[in-house]
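Overview (structure and organization)
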Amino acid sequence: MAGPLTGYRVLDMSRVLAGPWAGQLLADLGADVIKVERPKVGDDTRHWGPPYLKDATGADTEDAAYFFSANRGKRSLTVDITQPEGQDIIRKLASKVDVLIENYKVGGLAKYGLDYSSLEKLNPKLVYCSITGFGQTGPYAQRPGYDFLIQGMAGLMSVTGEPDSQNGGGPTKVGVAVTDIFTGLYAANAIQGALLERHHSGMGQYIDLALLDVQAAVMANQASNYLIGGQIPGRLGNAHPNIVPYQAFATLDSHVIVAVGNDQQFQRFCKVIGEPKWADDQRYETNTARVNNRVTLCGQITKHLKQQNSQYWLSKFEDHAVPCGPINTIDQVFDDPQIQSRNMVLTMQDPRAGELRLVANPINYSRSQIEYHLAPPQLGNQTIEILQEYLEYAETTVKVLESNDVI
């Protein structure tokens, strides 16, 4: 079976991570995704290195490793949209595609006649997704937005990191640009929802997505703790605000994660560490009691776990069905037999590097396929191919556009 989005066409005019992440997901699902980039410069992340992709001789290429995380399955088209001829190319392509993704500043494409209200007239079925830091409306609409800023503004950093009272305490960003990634996932979901709705209405529509909105939405239980419980969550390090014990604990040689999610698991945990009586102690016998007495309980747990190394505890916990795990480095992640058995490392061919290793898509369909038909593209490599395939441009027309630096 082909990918579920086979036959759909996407014009990806976004840069950096949130928009490209959405475009990559749509490509993995089978869509034909055209990545529009600036001539000679391309997506900003092509330059966000080191590290850079190395060619067969071991020399750095012009593309940073960052770029390869979000641009698989796309064809690269270079167009200067500041020139009328470039704007004309985008208009013609927009009239032939199903989806357009962009993350320009609010109003940034309107001056070129490439905003939704302009392109909708050419293609009423177009699903047009705009991704910005703060959305198309509101007092912050004109501000530029970056993942790090939004992690702070939308509360994520207020619950990430050690408490101020601890050594090294203070707000901490997540080690991956999760706000961008969440926004890309919301964008892909919103686009597919709009495409499904189009089957009934016959009409496209505009999608307004903001990083700030998305990060506020994915505060999840922490947001509910405030909105429903009236509690303003704080930083608990690796601990959980609503479950105990559910955190990382120091061992003799490193750390292990213990994730006890119910009272039965806690009973088994107590037996493993040699404290079965804790399961009947009124201070600890229920999760509510454990949350209220977390400092005392977790201090006692730490004393026990520091007596043996991590592998000892991991083996014991696994034998007794206590949820646990190590804290792996990235190399250990991809050496893990479970990750390998799930085929989470994808090998593709790149004309410069030869073999190229990427993280695979985690979706597993029973019938449909995830499609890995194109490695992340070199800048502008498919420009002529796209212009001739989509717009039927003659070779002479292409040469004129090249000579005028339009493409």
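Here is a short report on the structure shown in this document. (Residues numbered from 1 in each chain as written. Predicted model: local features only at pLDDT ≥ 70, side-chain atom pairs only at ≥ 80, totals over all residues. Heavy atoms only, no water.)

1. With respect to the overall build of the protein
Stated precisely, the cut-off is as follows: Under the DSSP-based scheme used, a helix requires at least four consecutive residues in state H or I and a strand at least two consecutive residues in state E, with every element numbered from the N terminus. Note on exposure labels: buried denotes an accessible area under 20% of the residue type's maximum, exposed denotes more than 50%, and partly exposed covers the range between, all computed with a 1.4 Å probe on protein chains only. Any two residues having at least one pair of non-hydrogen atoms within 4.5 Å are treated as being in contact. Note on areas: Shrake-Rupley with a 1.4 Å probe; residue coverage comes only from the protein chains shown.
Secondary structure summary: the protein contains 15 helices and 13 strands in total. Taken over 407 residues, the protein has a buried fraction of 45%. Looking at the protein alone, contacts between residues at least 24 apart form 67% of all its contacts between residues at least 6 apart. When the accessible surface of the protein is split by element, carbon and sulfur atoms take 51% of a total near 20,600 Å².

2. A word on the pairing of strand β1 (residues 9-13)
The side chains of a regular strand alternate between both faces of the sheet. Using the following cut-off: By convention, orient the strands away from the viewer: a clockwise path from the first strand over the helix to the second makes the crossover right-handed. Strands were regarded as paired on the criterion that DSSP finds at least two bridges between them.
Summarising burial for β1: 4 of the 5 residues are buried, a large majority. Each parallel crossover has a hand, and for β1 linked through helix α1 (residues 18-28) to strand β2 (residues 32-37) it is right-handed. Inspection of the sheet shows β1 paired to strand β6 (residues 99-102) by 4 bridges, in the parallel sense. Its bridge partner lying in β6, Leu 11 is registered against Leu 100.

3. What about the packing of α1 against helix α5 (residues 178-201)?
Operational definition: As a rule, the C-alpha atoms of each element are fitted with a line to give its axis, helices using only the stretch in contact, and angles between N-to-C directions run from 0 to 180 degrees. Here roughly perpendicular refers to angles of 65 to 115 degrees, roughly parallel to angles under 35, roughly antiparallel to angles over 145, and oblique to all remaining angles. If you view the pair so one helix is near and one far, a crossing is left-handed when the near helix is turned anticlockwise from the far one by less than a right angle, and right-handed when it is turned clockwise. Under the scheme applied, nonpolar residues are Ala, Val, Leu, Ile, Met, Phe, Trp, Tyr, Cys and Pro; charged residues are Asp, Glu, Lys and Arg; polar residues are all the others, including Gly.
As a packed pair, α1 and α5 sit with axes 7 Å apart at the nearest point and diverge in direction by 50°. One finds that α1 runs oblique with respect to α5. Of the two possible hands of crossing, α1 and α5 adopt the one that is right-handed. For the pair α1 and α5, the contacting residues are Ala 18, Trp 21, Ala 22, Leu 25 and Leu 26 in the first and Asp 180, Ile 181, Thr 183, Gly 184, Leu 185, Ala 187, Ala 188, Ile 191 and Gln 192 in the second. Across the contact of α1 with α5, the residue classes tally to 10 nonpolar, 3 polar and 1 charged.

4. A few points about helix α2 (residues 84-94)
Note the following rule: What the arc covers is the set of directions going from the helix axis to the C-beta atoms.
Along α2, the residues that are buried comprise Gly 86, Gln 87, Ile 89, Ile 90, Leu 93 and Ala 94. On an axial view of α2, the arc spanned by its buried residues comes to 155°, and they lie on one face.

5. Focus on helix α14 (residues 383-391)
Of all the positions in α14, only Thr 383, Ile 386, Leu 387, Tyr 390 and Leu 391 are classed as buried. An end-on view of α14 places all buried positions within 95° of arc, on one side of the element. In this fold, the buried residues of α14 make contact with β1, β2, β5 (74-78), α2 and α15 (395-403). Backbone geometry just after α14 places Glu 392 at a positive phi near 55°.

6. Quick look at the side chain of Asn 103
Note the cut-off: Side-chain atoms alone can form a polar contact between residues adjacent in sequence; in general such a contact is a pair of N or O atoms within 3.5 Å, and within protein one must be able to donate a hydrogen while the other accepts it.
Considering the arrangement of structural elements, one finds Asn 103 in the loop between β6 and α3 (116-122). In terms of polar contacts, Asn 103 uses its side chain to reach the backbone carbonyl oxygen of Arg 15, at 2.8 Å. Apart from residues lying up to four places away in sequence, Asn 103 is in contact with Met 13, Ser 14, Arg 15 and Ile 131.

7. Observations regarding the state of the cysteines
Note the threshold: By definition, disulfides here are pairs of cysteine sulfur atoms that lie within 2.5 Å.
Scanning all chains against the criterion turns up 0 disulfides. Just so you know, Cys 270 is unpaired, no disulfide at all, and the nearest cysteine sulfur is the one on Cys 298, 12 Å from it. No disulfide involves Cys 324; its sulfur sits 15 Å from the nearest other cysteine sulfur, which is in Cys 270. Accessibility expressed as a relative area gives 25% for Cys 324, which makes it partly exposed.

8. A few points about the pattern of salt bridges
To keep things clear, this is the line we draw: Salt bridge, as used here, is a side-chain nitrogen of Lys or Arg placed within 4 Å of a carboxyl oxygen of Asp or Glu.
Evaluation of the coordinates by the stated rule reveals 19 salt bridges. Of the charged contacts, one joins Arg 72 and Asp 28 as a salt bridge, the two residues approaching to 2.6 Å between their closest N and O atoms. Of this pair, Arg 72 sits in the loop between β4 (60-64) and β5 while Asp 28 sits in helix α1, and the two are 44 residues apart along the sequence. Here Lys 35 and Asp 43 are joined by a salt bridge, their closest N and O atoms 2.9 Å apart. With respect to class, Lys 35 is no different from Asp 43; both count as buried.

9. Details of the nonpolar core
What tends to happen in soluble globular proteins is that the nonpolar side chains get buried as a cluster. Under the convention used in this document: Only buried residues count toward a nonpolar core, which is a set of Ala, Val, Leu, Ile, Met, Phe, Trp, Tyr and Cys residues joined through side-chain atoms within 4.5 Å.
Counting residues in each nonpolar core, the largest one holds 30 residues, and the members touching the most others are Leu 26, Ile 101, Ile 131 and Ile 191. Of all the secondary-structure elements, those providing two or more residues to this core are α1, β6, β7 (127-132), α5, β8 (205-210) and α6 (211-217). Apart from residues no more than four positions distant in its own chain, Ile 131 is found in contact with Ala 18, Gly 19, Ile 101, Glu 102, Asn 103, Tyr 104, Thr 183, Ala 187, Leu 209 and Leu 211. Leu 100, Tyr 116, Leu 401 and Val 406 belong to the second-largest nonpolar core, a separate cluster that totals 29 residues.

10. A closer look at the packing of aromatic side chains
Worth spelling out the cut-off: Put simply, two rings from Phe, Tyr or Trp (the six-membered ring, in Trp's case) pair if the centres are within 6.5 Å, and we call them stacked under 30 degrees between planes, edge-to-face over 60, tilted for the rest. For a ring to carry a charge above it, either NZ of a lysine or CZ of an arginine must fall within 6 Å of the ring centroid while also lying within 35 degrees of the normal to the ring plane.
Inspection of every chain in the model, using the stated rule, returns 11 aromatic pairs. When the centroid spacing of 5.2 Å and the interplanar angle of 90° are considered together, the rings of Trp 48 and Tyr 66 count as edge-to-face. With Trp 48 in the loop between β2 and β3 (52-54) and Tyr 66 in the loop between β4 and β5, this residue pair connects regions lying 18 residues apart in the sequence. We classify Tyr 66 as partly exposed; its relative accessible area is 28%. Members of the aromatic cluster, joined through ring pairs, are Phe 266, Phe 269, Tyr 312, Trp 313 and Phe 317. Here Arg 46 stacks its cationic end above the ring of Phe 67, 3.9 Å away from the centre of that ring. The ring of Phe 266 has Arg 290 sitting right over it, with the charged end atom 4.3 Å from the ring centre.

11. Concerning the environment of Gln 205
For Gln 205, the location among the structural elements is in strand β8. Residue Gln 205 is classed as partly exposed on the basis of its relative accessible area of 32%. As for Gln 205 and Pro 124, which are separated by 81 residues in sequence, their C-alpha atoms are 8.1 Å apart. When residues no more than four places from it in sequence are discounted, the contact partners of Gln 205 are Tyr 116, Leu 126, Val 127, Tyr 128, Ala 194 and Glu 197.

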